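Given next are the chains, with one letter for each unit.
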Amino acid sequence: MNAIPAVSSDVPEQHSEEPEDVPSRWQDRAQTLVLRYGPAVWCYAVLKLIGFTVFMKLLSFGGDYAKKPARFGGGANPWDVLASWDGWWYQQVAQFGYHPALVPIPGGQPGFTIEQNSAAFFPLYPGLIRLTSDLTGLGTYGAGMLVSVVASLFAAAGIFAVVEKLSGSAKAGVIAAGIWAIAPGSGAEWAVYSDSLFVALAAWACYFTMTRQWVAAGAITLVAGLNRPTAAALIGAVGLAALVELFRRESGVLRPLTAMVLAPVGLLGYVAWVGWRTGEWGGYFRIQHDAWLHYFDGGQGTWQAIRGVLLGRSDYPFAFPVPDLLATLIVFSLPVLIVLLIRLRPPLVLTAYTLATIVSVLGSLGIFGNVSRYLLPAFPLFIALAMGMRKLSWPVLATVLGSGAIASGWYAGYVIFELGVP
């Protein structure tokens, strides 16, 4: 008879301890995440803040922004520049939604035959702007900046995860996150632009592919496809890695196959929706081609721009001397960076994703001076550099990266936003 009370008294004690264990487990997990990713995120944030401050100071010093329309690189304050150009379009979508249409321009400029339309901008980023604005009460500018800054921190963490996994060195991962903060074109990371959000998704999709978490990789790639058309490179890389895994049968059949099926859904779904709304199945591509003069031309535009820069001419589309010179130097550095990456024998997804991104950028007609921004997603190019720099002491690294952060305020911010068109 004594055994019955003993058993019944033990049961409530076990249940009473479970609710206390749940917060404890969450606290342990949070602490683990902070300890693992905190150094990389802080390194990125500090370097980015230095470059951002220099960028704003240069805008104030130059003062040219005050002479330009708010929509085209101007505004009442230096920071208004961050919400111009593409930022203006993203805010329009966040406020008013889409109205896809193919409206001809009578007697338009050469190459521009239909009116520009917001359907050229994918929905994920403006959707998050709208959601953030509704939840916080911020305007579309403040909400857009908040989304970009938070996304950039997740991107830094994702880059760290990829590099740490590949190199086995947390220090190399921290350095890689720092390099991304000061990379050419990084001025778009803290602006009303979708670049940071895309890189965050791409980095984590690559990481989940490397760790064979196929369903997560496919789902994140699907979401990335709703953010930028350049997700095609990521879709191809994840799909190729999943196909190889499918033949190896090391992860079974269902999970890699699921990744292959999920990956293209976002991109294809949005392109199909624009086609349906415009009444022309190739409507999205026609908008890009005839309204924005941005399309794959096999590298002819890149060649014309490089030739123009080398010969000191401006006889090519969208010529901006200073940004184009920097873009040319970046293009010349790509073979070296590619060879250094391949020597590391990285996982297939990183190699395929990086090469596909480079081919997409250099093979497309657009604003050549924006090559630095278009290559921001190709973060694996920094891996060899980060691994080489890990031998440096932290004081030396602080000096090198800090100096780069100061300079990035000019070459990654002011040059692109003020001396060109981002």
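How each quantity is defined
- Residues numbered from 1 in each chain as written.
- Predicted model: local features only at pLDDT ≥ 70, side-chain atom pairs only at ≥ 80, totals over all residues.
- Heavy atoms only, no water.
- 1 Å grid on protein atoms, 1.4 Å probe; cavity = no way out; pocket = protein on both sides within 12 Å on 5 of 7 lines; lining within 4 Å.
- Points joined across faces, edges and corners; volume = space filled by probe spheres on them.
- Helix = DSSP H or I, 4+ residues; strand = E, 2+ residues; numbered from the N terminus.
- Nonpolar A, V, L, I, M, F, W, Y, C, P; charged D, E, K, R; others polar.
- Expected span 1.5 Å × (residues − 1).
- Buried < 20%, exposed > 50% of the residue type's maximum accessible area, 1.4 Å probe, protein only.
- Contact = heavy atoms within 4.5 Å.
- Core = buried A, V, L, I, M, F, W, Y, C linked by side-chain atoms within 4.5 Å.
- Phe/Tyr/Trp six-rings, centres within 6.5 Å; stacked < 30°, edge-to-face > 60°.
- Lys NZ or Arg CZ within 6 Å of the ring centre and 35° of its normal.
- pLDDT = per-residue confidence, 0-100.
- Axes fitted to C-alpha atoms, helices over the stretch in contact; angles between N-to-C directions.
- Parallel < 35°, antiparallel > 145°, perpendicular 65-115°, else oblique.
- Patch = residues over 30% accessible without salt bridge, like charges linked within 9 Å, V, L, I, M, F, W, Y side chains within 5 Å.
- Areas by Shrake-Rupley, 256 points an atom, 1.4 Å probe, with all protein chains shown as cover.
- Salt bridge = Lys/Arg side-chain N within 4 Å of Asp/Glu carboxyl O.

**Q** Explain the layout of surface pockets to me, please; I cannot follow it from the model alone.
**A** The gaps of empty space that remain are located by a probe, the size of a water molecule, rolled over the atoms. Empty space within the second largest pocket amounts to approximately 420 Å³. Residue lining of the second largest pocket: 18 residues in total, with I179, A183, P184, L337 and F382 positioned closest to the centre. Of all the elements in the fold, those that place two or more residues in the lining of the second largest pocket are α5 (170-182), α13 (321-343), α16 (383-389) and α17 (394-418). When residues in the lining of the second largest pocket are grouped by element, the largest group, four residues, is from α13. When its residues are assigned to classes, the lining of the second largest pocket shows 16 nonpolar, two polar and no charged.

**Q** I tried to follow helix α3 (residues 124-136) on my own but got confused; where do I start?
**A** Because each turn of an α-helix spans 3.6 residues, side chains separated by three or four positions in sequence point in the same direction. Over its 13 residues, α3 runs 18 Å from end to end, which matches the ideal 18 Å to within 8%, given 1.5 Å per residue. For α3, the full list of buried residues reads L124, Y125, P126, I129, T132 and S133. Looking at the buried side of α3, the elements it contacts are α2 (86-96), α4 (140-167), α6 (195-210) and α7 (214-224).

**Q** What's the story with the nonpolar core in this structure? I'm lost.
**A** When a protein is soluble and globular, its nonpolar side chains tend to lie buried together. Grouped together as the largest cluster of nonpolar side chains are 126 residues, with contacts concentrated most on W180, I287, Y353 and F379. For this core, the leading source of residues is α6, giving 13 residues. If near-sequence neighbours (up to four positions away) are discounted, Y353 is found in contact with F198, A202, C206, A233, L234, A237, P377, A378, F379 and P380.

**Q** Could you clarify how one ought to interpret helix α8 (residues 231-248) in this entry?
**A** The first and last C-alpha atoms of α8 sit 26 Å apart over 18 residues, in line with the 26 Å expected at 1.5 Å per residue. Among the residues making up α8, those that are buried are A231, A233, L234, I235, A237, V238, G239, A241, A242, E245 and L246. Looking at the buried positions of α8, the neighbouring elements they touch are α6, α7, α9 (254-262), α10 (265-278) and α14 (348-362). One or two positions beyond α8, positive phi appears at R249, with a value near 60°.

**Q** Can you walk me through the packing of aromatic side chains in this structure?
**A** Here a ring pair, both rings aromatic, is described through the centre-centre distance and the interplanar angle of the planes. Tallying each qualifying case throughout the model produces 24 aromatic pairs. Feature note: the residues W88, W89, Y90, F121, Y125 and W292 constitute an aromatic cluster, connected by ring pairs. The ring centre of W26 lies 5.4 Å from the NZ or CZ of R29, which sits over that ring.

**Q** In this structure, what is going on with empty space enclosed by the protein? I would like to understand it.
**A** Under the defined criterion, the tally for this structure stands at two cavities of 30 Å³ or more. Counted as a void, the largest cavity has a volume near 50 Å³. Around the largest cavity sit K48, G51, F52, F55, S186, G187, S408, G409, A412 and G413, which together line it. Breaking the lining of the largest cavity down by element, the ones donating at least two residues are α1 (3-62) and α17. Classifying every residue of the lining of the largest cavity gives three nonpolar, six polar and one charged. Approximately 40 Å³ is the volume attributed to the second largest cavity.

**Q** What exactly am I supposed to notice about the confidence of the model for the chain here?
**A** A low pLDDT means the predicted coordinates there should not be read in detail. On average, residues of the chain carry a pLDDT of 93, and 94% of them reach 70 or more. Confidence over residues 1-17 falls short of pLDDT 50; this stretch has zero contacts with residues more than four positions distant or in other chains.

**Q** Any chance you could explain the packing of α7 against α9 here in plain terms?
**A** Two quantities define a packed helix pair, namely the angle between the helix axes and the distance between the axes. For the pair α7 and α9, the least separation of the axes is 8 Å and the interaxial angle reads 0°. Taken together, the axis directions place α7 and α9 in an arrangement best described as roughly parallel. Between α7 and α9, the residues in contact are W214, V215, G218, A219 and L222 and R255, P256, T258, A259 and L262, respectively. Here the contact of α7 with α9 is built from residues that sort into seven nonpolar, two polar and one charged.

**Q** In this structure, what is going on with a nonpolar patch on the surface? I would like to understand it.
**A** Taken together, the side chains of L310, L311, L325, L329 and F332 define a hydrophobic patch exposed on the protein surface, amounting to about 510 Å² of accessible area. Secondary-structure elements contributing two or more residues to the nonpolar patch are α12 (300-311) and α13. Tallying contributions element by element places α13 first for the nonpolar patch, with three residues. In this fold, L325 is placed in helix α13. Here L325 falls in the partly exposed class, since its relative accessible area comes to 45%.

**Q** What's the story with the environment of D134 in this structure? I'm lost.
**A** Along the chain, D134 falls in helix α3. You can call D134 exposed: its relative accessible area is 55%. In the structure, D134 is positioned 103 residues away from Q31 in sequence and 30 Å away in space, judged by C-alpha atoms.

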